[in-house]
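Remarks on the overall topology
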Amino acid sequence: QKEVEQNSGPLSVPEGAIASLNCTYSDRGSQSFFWYRQYSGKSPELIMFIYSNGDKEDGRFTAQLNKASQYVSLLIRDSQPSDSATYLCAPRSSGAGSYQLTFGKGTKLSVIP
Amino acid sequence: NAGVTQTPKFQVLKTGQSMTLQCAQDMNHNSMYWYRQDPGMGLRLIYYSASEGTTDKGEVPNGYNVSRLNKREFSLRLESAAPSQTSVYFCASSALEAQRGATYEQYFGPGTRLTVT
């Protein structure tokens, strides 16, 4: 059973601060990692993804991978109230069914104005 | 380009009734998925279809059936609804490695909020 663990939160940060969201995964062979944002009552939307060979920065968002410790993190710089949402981590499975994603339960982020 | 569409958006059923949730995508994706999302449980995979003509069980398939009607459409059927199937249902699609530029991200539809009384 491939497992993805996220702290459910809520994680509260003041506006303008850096929010750090973490995710641990059990499938050591995972090739890529996806971060989704889900606003209350809405469907998940992709923020960014990284491959197993490196970190990635996209605007205010940075995704980092620590393969040795099997965790991936999402940093949100200059947090805005509009960033308040639940963030889902989803590694891509290795081996059979390698197109599938395994979703964590998500971390709820609250940015306080 | 509508992406992934789902119908209906809301539905209330009585225990024992049946219904079909419809999903369609216009992104020429090979793979399609059905998830349910419950508070505190995250997204759980019900069924998936790697490509047209194939379907497989996911983590929580009991009480559901699926049909991959064609490349665009993937439906989820509840034959005899139970209160435990009260949930939000999401359909998603993704490309396969063989498709140019595929990076495997899944695109989600808006969801169907189902209540079984």
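Just so you know, these numbers come straight off a predicted model, no measurement behind them.

It is worth spelling out the interface of chain A and chain B at this point. Taken residue by residue, the interface counts 19 residues in chain A and 22 residues in chain B. Taken together, the two surfaces of chain A and chain B that pack against each other cover about 1,600 Å², and 59% of this comes from carbon and sulfur. A per-residue breakdown of the area chain A buries against chain B is headed by A:Tyr99, A:Phe103 and A:Lys105, which together make up 34% of the total. Taken together, the connections running from chain A to chain B amount to five residue pairs in polar contact (both at pLDDT 80 or more). Elements supplying a minimum of two residues to the side of chain A that touches chain B: strand E4 (32-38) and strand E5 (45-51) of chain A. Of the residues belonging to the side of chain A that touches chain B, the class tally is 10 nonpolar, six polar and three charged.

For the rest of this paragraph, the subject is the nonpolar core. In this structure, A:Trp35, A:Val72, A:Leu74, A:Ile76, A:Tyr87 and A:Leu109 are the most contacted members of the largest nonpolar core, which totals 22 residues. At the level of secondary structure, the elements contributing two or more residues to this core comprise strand E3 (19-25), E4, E5, strand E7 (61-66), strand E8 (71-76), strand E9 (85-91) and strand E10 (107-112) of chain A. The element contributing the most residues to this core is E3(A), with four residues. What A:Leu109 contacts, discounting residues up to four positions off in sequence, is A:Leu11, A:Val13, A:Ala19, A:Ile76, A:Asp83, A:Ser84, A:Ala85 and A:Tyr87. In this structure, B:Leu78, B:Tyr89, B:Cys91 and B:Leu114 belong to the second largest nonpolar core, which totals 20 residues.

Residue and element names in this part refer to chain A. Where E4 lies against E5, six bridges are found, and the strand directions are antiparallel. Among the inter-strand pairings, Tyr36 is bridged to a residue of E5, identified as Leu46. Hairpin remark: E4 followed by E5, antiparallel, with six residues in the connecting loop; positive phi at Gly41, about 80°.

Attention shifts here to the pattern of salt bridges. One pass over the structure, following the stated rule, counts six salt bridges over all chains. Residue A:Glu57 is joined to A:Arg77 by a salt bridge in which the shortest nitrogen-to-oxygen separation is 3.4 Å. Pair noted here: A:Glu57 is in strand E6 (residues 56-58) and A:Arg77 is in the loop between E8 and E9, with a separation of 20 residues, a long-range link. Where B:Arg36 meets B:Asp38, a salt bridge forms, and the shortest distance between an N and an O atom there is 2.9 Å. Residue classification places B:Asp38 among the buried residues on the basis of a relative accessible area of 12%. Each of B:Arg36, B:Asp38 and B:Arg44 takes part in salt bridges that share partners, so that together they form one network.

What counts, and where the lines are drawn
- Residues numbered from 1 in each chain as written.
- Chains lettered and ligands numbered in written order.
- Predicted model: local features only at pLDDT ≥ 70, side-chain atom pairs only at ≥ 80, totals over all residues.
- Heavy atoms only, no water.
- Contact = heavy atoms within 4.5 Å.
- Buried area = accessible area lost by both parts, 1.4 Å probe.
- Polar contact = N/O pair within 3.5 Å; in protein donor to acceptor, adjacent residues only side chain to side chain.
- Helix = DSSP H or I, 4+ residues; strand = E, 2+ residues; numbered from the N terminus.
- Nonpolar A, V, L, I, M, F, W, Y, C, P; charged D, E, K, R; others polar.
- Core = buried A, V, L, I, M, F, W, Y, C linked by side-chain atoms within 4.5 Å.
- Buried < 20%, exposed > 50% of the residue type's maximum accessible area, 1.4 Å probe, protein only.
- Pairing = 2+ DSSP bridges.
- Salt bridge = Lys/Arg side-chain N within 4 Å of Asp/Glu carboxyl O.

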